[in-house]
Every structure is written in structure tokens, then in C-alpha cells.
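The lines below spell out each chain.
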Amino acid sequence: MIAPAAHPALAYARAHRARVVSELKRFVAFPSVAGNPAHAGDVRRCAGWLAEHLRSIGLEARVRETSGAPLVVARWSGAPGRPTVLVYGHYDVQPADDPDEWTSPPFQPAVRGDELFGRGACDDKGQLWAHVNAIEALLRTTGRLPVNVVCVFEGEEEAGSAGLLDALRRAPGEFAADVALVSDTPMRAPGRPGITYGLRGALSLELEVRGPSHDLHSGVYGGAVHNPLQALCEIVARLHGPDGRIAVPGLYDGVQPPSRGERAYLARTGPSDRELLANAGDPPGGWGERGWTAYERCTVRPSLSVNGITGGHGGEAGMAVIPAHAVAKLSLRLVPGQDPSRVDRLFREHVARIAPRTVRVEVRTRFGAQPARMDTRHPAMRAAARALRQAFGAPAVFLRSGGTIPVVNALGQALGAPVVLMGLARPRDGMHAPDERMHLPTLFRGIEASIRFLCAMGRDASPPAEKGRADR
Ligand SMILES: [Zn+2]
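Rules used in this analysis
Residues numbered from 1 in each chain as written. Predicted model: local features only at pLDDT ≥ 70, side-chain atom pairs only at ≥ 80, totals over all residues. Heavy atoms only, no water. Helix = DSSP H or I, 4+ residues; strand = E, 2+ residues; numbered from the N terminus. Expected span 1.5 Å × (residues − 1). Contact = heavy atoms within 4.5 Å. pLDDT = per-residue confidence, 0-100. Buried < 20%, exposed > 50% of the residue type's maximum accessible area, 1.4 Å probe, protein only. Core = buried A, V, L, I, M, F, W, Y, C linked by side-chain atoms within 4.5 Å. Lys, Arg positive; Asp, Glu negative; His and termini not counted. Salt bridge = Lys/Arg side-chain N within 4 Å of Asp/Glu carboxyl O. Donors = N, O, S within 2.8 Å, 3.2 Å for Na, K, Ca; no water. Tetrahedral: all angles 85-135°; square planar, octahedral: opposite > 155°, others 65-115°. Pairing = 2+ DSSP bridges. Axes fitted to C-alpha atoms, helices over the stretch in contact; angles between N-to-C directions. Domains from an automatic or database assignment. Buried area = accessible area lost by both parts, 1.4 Å probe. Patch = residues over 30% accessible without salt bridge, like charges linked within 9 Å, V, L, I, M, F, W, Y side chains within 5 Å. Areas by Shrake-Rupley, 256 points an atom, 1.4 Å probe, with all protein chains shown as cover. Charge placed at Lys NZ, Arg CZ, Asp CG, Glu CD. Polar contact = N/O pair within 3.5 Å; in protein donor to acceptor, adjacent residues only side chain to side chain.

Taking 1.5 Å of rise per residue, 14 residues should cover 20 Å, and helix 12 (residues 379-392) covers 20 Å from first to last C-alpha, within 8% of that figure. Buried residues in helix 12 make contact with strand 7 (179-182), strand 8 (194-199), strand 16 (397-400), strand 17 (419-423) and helix 14 (440-459). Of the residues one or two after helix 12, glycine 393 is the one with positive phi, at around 65 degrees.

Structure follows, in C-alpha cells:
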């Protein structure tokens with residue numbers, strides 16, 4: 001056993017920081033926006049570049065086709081009898097629709113101070129980069145890895161992971177591993193590492209309201225025709241009750257409430273309402289379901305958000321128009337005990353009940369994802385917590401997250417293995433927002449934590465006995 005503090009890989013990683021950053025800049029420069037046909041070529045080029053990079057550090061890497069965007073799969077299998085660690089990440093990114101809101105262009109990565117700015121810098125290119133560079137450091141200094149590794153980097157996480165989910169269903173053996181390691185989540189706070197043990201599921205919907213067959217003059221018809229944009233807003237206004245609860249009947253049935261002990265842990269270790277709202281950019285007040293803290297509202301309770309409404313005329317000049325149709329994009333977040341397809345049905349029934357008869361309404365489902373919950377007592381979770389504590393010099397906090405990584409539940413189910421969510425994003429790093437950034441000292445500590453975790457997993461030649469679980 002090599003004492004991790006003296007491991008040459010740690011020194012190698014420290015000596016190569018400048019190159020780690022310059023290569024990450026090249027990675028972030030690909031506008032690999034998920035789920036947008038206009039960027040399909042960029043997604044593919046990014047996959048090709050990533051596979052090439054993984055080959056250059058000594059992995060057997062290929063671009064693997066799926067029914068959706070390609071995966072990049074890279075392996076090192078030189079440690080027979082030792083556990084296999086599956087490293088998951090995603091090289092696709094959210095759109096960056098409003099370049100004006102960015103200090104520097106989203107796909108021209110720029111370092112300012114300690115931070116690398118660019119769309120995907122943190123979610124998830126910068127975070128997966130920690131593990132890629134940990135693997136490189138281990139391979140370059142020792143010629144081997146302490147465990148077998150399979151990297152699975154997908155290209156449509158931000159659009160629902162359909163291709164990977166399909167591949168996991170069809171060929172689970174291809175992804176067999178004893179533990180999955182994922183960095184695609186926030187830390188507790190800057191400098192305070194966190195391991196997420198619960199993720200919300202998701203249901204992404206579109207609600208379209210149609211009225212007249214074409215746009216109408218609002219002077220000629222205003223007052224006599226139910227404006228689809230107005231009708232849409234009326235429906236949206238009835239999706240929540242005055243108590244902040246989602247008004248869809250049956251939606252809360254089966255929701256597993258946190259235990260008293262878990263609520264106490266969340267209250268002790270998680271953000272206060274004030275801290276959470278400060279991270280949210282200080283809205284004038286908090287909002288949500290009564291009887292729960294802000295942290296609980298966005299982690300252990302379901303939510304429904306209106307992501308956007310389009311319709312009519314939004315241009316500079318006024319235009320006296322009644323639009324023919326209007327669309328709202330909605331996303332629900334689901335917790336253990338809820339199933340996306342059931343919630344989808346309940347939502348459709350509710351909309352059918354409340355929709356005015358003066359318009360036609362259509363609900364379209366974009367994607368659904370199951371919630372996930374991991375066992376914090378699993379040895380791999382404990383090893384990750386130790387690795388983070390050593391790398392950051394601060395104890396790791398177990399977190400519940402409001403976010404969704406569609407593949408986490410599926411990975412847990414398919415592998416029968418725990419999924420360790422080692423977060424390397426600070427809460428204000430702008431995941432899904434303008435001026436997204438990776439905090440470089442956090443990236444460097446992440447590389448160190450990853451090296452320590454892989455070494456710890458390799459120390460025990462037999463795979464961890466206790467299986468993790470991911471709730472349906
Ligand atoms: Zn992500």
C-alpha cells in the first residue's frame with residue numbers, strides 16, 4: 001500500500017496544473033449544446049476530441065453510438081481481481097442563449113483570476129476533467145491504475161440521457177462496475193466538499209394552447225375571442241395552490257417524507273433559508289410549500305417550475321395581436337416515491353379538468369427521469385468522504401440535491417452498485433446560468449480527491465460486499 005500523501009500522482013497533478021487548464025479550455029470551446037440539431041455536429045466533434053484525449057493519456061477509448069448522442073467510452077482493465085470504477089460525466093452543455101449576459105463569450109473560455117469562464121466549464125466538463133486528470137496522473141507516474149476503470153461520458157445529459165439510458169437497458173454488461181463515480185453536483189459551499197446522496201427526478205413538459213387558426217387583430221377581435229396566451233396563463237396560475245403546493249390532485253401520494261433524523265441532519269449541515277436565497281441572488285422573499293425549509297423545499301419535496309412562455313409579440317414596437325397559440329415549458333422535480341409516468345398522467349388529467357373549453361390544449365412530454373437515493377453508509381461513500389476531506393482539508397457533508405441526473409438512478413439499478421456523487425461545483429458557479437465558471441483551485445483539489453479515492457478503492461482487492469441502492 002502506498003501512503004496516499006506520498007503518492008507520486010499527487011505531485012504530478014500539481015506540476016501539470018497549467019496544462020490541465022489549457023486543455024480544459026479547448027474542451028469548453030466546443031459548443032456541444034445538448035438536444036439541439038443545430039449543434040449535433042459540435043456534439044460529435046467534441047466526442048471525437050475527448051476520445052482522442054483519453055487515448056493520449058493511455059486509455060482504450062472510442063466514440064460509441066447510441067440511439068441518441070454518442071457516448072465516449074474509455075477503459076483501463078489492467079487490474080484483474082480488483083474492483084472496477086465507472087466514471088460518469090457528460091460533455092454536452094446547456095444552451096447559452098443570451099450571449100449579452102456573459103462577460104466573455106460562452107464558447108470562448110477565458111480565465112479571470114482563479115476561475116475559468118465558459119458554458120460547460122463547471123457543468124460538466126470541468127468536473128469530469130478532475131477524474132480524467134487523476135487517471136492521467138496515476139498512469140503517467142505508476143504505469144497502472146489501482147482499480148479497473150471505465151469512463152462513460154455522455155453527450156445528452158442536459159436533454160434527458162435517452163441514448164445512454166437505452167444503452168444501459170440493452171447492454172448493461174458493457175457498463176458493469178463495482179461503483180460509479182460522478183462529479184456533476186454542487187459542493188456544500190466554497191472550500192466545503194459535499195457528496196450528494198439524493199437527487200430529485202424530473203418530468204419535462206410542454207403545454208400548448210391553441211385558439212384561432214391564425215393571429216388576429218386585437219382591435220377587431222379583442223374581447224370576443226379567448227386569447228390563447230391569456231388562457232395559458234390562467235392554466236399556469238392554477239398549477240399551484242395558495243399554500244405553495246402543486247395543485248395536481250394525487251401528485252403527493254406516495255411521497256416518502258424524510259425521517260426526523262434526516263431532517264435534523266439537513267437542518268444542521270445544509271444551507272439556512274437565508275444562505276440559500278443569497279445563493280439564489282437574493283429575491284425579495286422566499287416562496288414555496290408551507291411547513292418546510294427552503295433547503296427541504298428544493299430537495300426532499302416535489303416542485304413544478306415554469307421555465308418559459310412563448311407566444312404573441314415580444315418585439316420592441318407594440319403590435320395589436322391576439323396570438324393563435326402559446327406554449328409554456330414546464331419542469332417538475334420528483335422525489336423518492338414518485339414515478340414520472342404516473343405524475344405525467346396526473347398532470348394531463350388535471351390540465352384537462354382546468355383548461356377553458358374556449359381553447360384547445362395539448363400536453364407534450366419531453367422526458368422523465370427517476371429520483372435516486374444512495375446509502376451514505378456504503379464503504380465507497382465513506383472512502384469518497386475521506387478522499388474529499390484529505391484533498392480539501394475540510395469534512396465532506398452529505399447533501400440532498402434538488403437537481404436531476406437522469407442516469408444516476410439507472411446506473412444504480414443496472415449496476416446494482418452505489419453511485420458516488422462527488423460534487424466539485426460551488427453553489428454560485430452558474431451551472432445553467434450566464435458566466436458559468438470552474439473554480440480552478442477546486443478542480444485541482446478534485447483531481448487530488450479522485451486520485452485518493454481510486455487508490456482507496458484499489459486497496460481492497462475484493463469488491464465492496466454491501467450493495468448500494470437507488471430508490472425507484
Ligand atoms: Zn450536469
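This part covers the confidence of the model for the protein chain. Put simply, the protein chain has an average pLDDT of 93, and 96% of its residues get 70 or more. For residues 461-472, every residue scores under 50 in pLDDT, and the model assigns this stretch 36 contacts once sequence neighbours within four places are set aside.

Take unusual backbone geometry next. The peptide bond linking aspartate 123 to aspartate 124 adopts the cis configuration, its omega dihedral lying at 10 degrees. Mapped onto the elements, aspartate 124 comes out in the loop between strand 5 (115-117) and helix 4 (125-142). Even without being glycine, aspartate 435 reaches a positive phi, approximately 55 degrees. Residue class for aspartate 435 comes out buried when judged on its relative accessible area of 15%.

In this structure, Leu54, Leu86, Trp129, Phe153, Leu443, Ile451 and Phe453 are the most contacted members of the largest nonpolar core, which totals 110 residues. Tallying contributions element by element places helix 14 first for this core, with ten residues. Core analysis: the second largest hydrophobic core is formed by 27 residues, Tyr252, Leu334, Phe347 and Val351 among them.

All right, on to the side chain of aspartate 184 then. Position of aspartate 184 among the secondary structure elements: in the loop between strand 7 and strand 8. Buried charge without a partner: aspartate 184 forms no salt bridge, and the closest opposite charge is arginine 333, 10 Å away. If we ignore the near neighbours within four places in the chain, the residues touching aspartate 184 are His90, Asp123, Asp124, Gln127, Glu157, Ile405 and Met431.

Distances from the zinc ion to its protein donors, His90 (NE2), Asp123 (OD), Asp184 (OD) and Asp184 (OD), fall within 1.9 to 2.6 Å. Considering all four donor atoms around the zinc ion, the spread of angles at the metal, 54 to 144 degrees, places the coordination shape in the irregular class. All donors to the zinc ion come from one chain, and their sequence spacing reads H-x32-D-x60-D. With histidine 90 in strand 3 (residues 84-90) and aspartate 184 in the loop between strand 7 and strand 8, the pair connects residues that are 94 residues apart, well separated along the chain.

Our focus in this paragraph is the sheet that holds strand 18 (residues 437-439). The strand order across the open sheet built from three strands is 4-5-18, with neighbouring strands paired in antiparallel fashion. Bordering the open sheet on either side are strand 4 (110-112) and strand 18, each of which pairs with just one other strand. Taken over all neighbouring pairs, the strand axes of this sheet differ in orientation by 25 degrees on average, direction set aside. As paired strands, strand 4 and strand 5 are joined by three bridges and run antiparallel to one another. Paired with arginine 112 across the two strands is glutamate 115, which belongs to strand 5.

Time to look at the domain arrangement of the protein chain. Taken domain by domain, the protein chain comprises domain 1 (4-199 + 371-459) and domain 2 (201-265 + 297-368). Just the C-alpha atoms count here: the centres of domain 1 and domain 2 sit 33 Å apart. Of the residues lining the interface, 13 residues belong to domain 1; the matching set on domain 2 comes to 13 residues. Buried area between domain 1 and domain 2, both sides added, is near 1,200 Å², and the carbon and sulfur share of it is 54%.

What follows covers a negative patch on the surface. Among the surface-exposed residues, Asp97, Asp98, Asp100 and Glu101 lie close enough to one another that they form a single negatively charged patch. Structurally, aspartate 100 is set in the loop between strand 3 and strand 4.

In this section: the side chain of threonine 66. Following the sequence through the fold, threonine 66 ends up in the loop between strand 1 (60-64) and strand 2 (71-76). The buried category is assigned to threonine 66, whose relative accessible area is 16%. Reaching out from threonine 66, the side chain makes a polar contact with the backbone nitrogen of glycine 68 at a distance of 2.8 Å. From its side chain, threonine 66 meets the backbone oxygen of alanine 69 in a polar contact 2.8 Å long. The contact partners of threonine 66, leaving out residues within four places of it in the chain, are Leu71, Glu156 and Gly163.

A sheet is described by the order of its strands in space; here four strands give the open sequence 11-13-9-14, paired in antiparallel fashion. Sheet topology places strand 11 (303-311) and strand 14 (360-369) at the edges, where each strand pairs with a single neighbour. Each strand of the sheet is rotated relative to its neighbour by a mean of 15 degrees, with strand direction disregarded. Note: strand 9 (residues 201-210) against strand 13 (residues 325-334), ten bridges, orientation antiparallel. Residue pairing for strand 13: leucine 205 is matched across the bridge by leucine 330. Lying over the sheet, helix 11 (residues 340-354) contacts strand 9, strand 11, strand 13 and strand 14, oriented at roughly 165 degrees with respect to strand 14.

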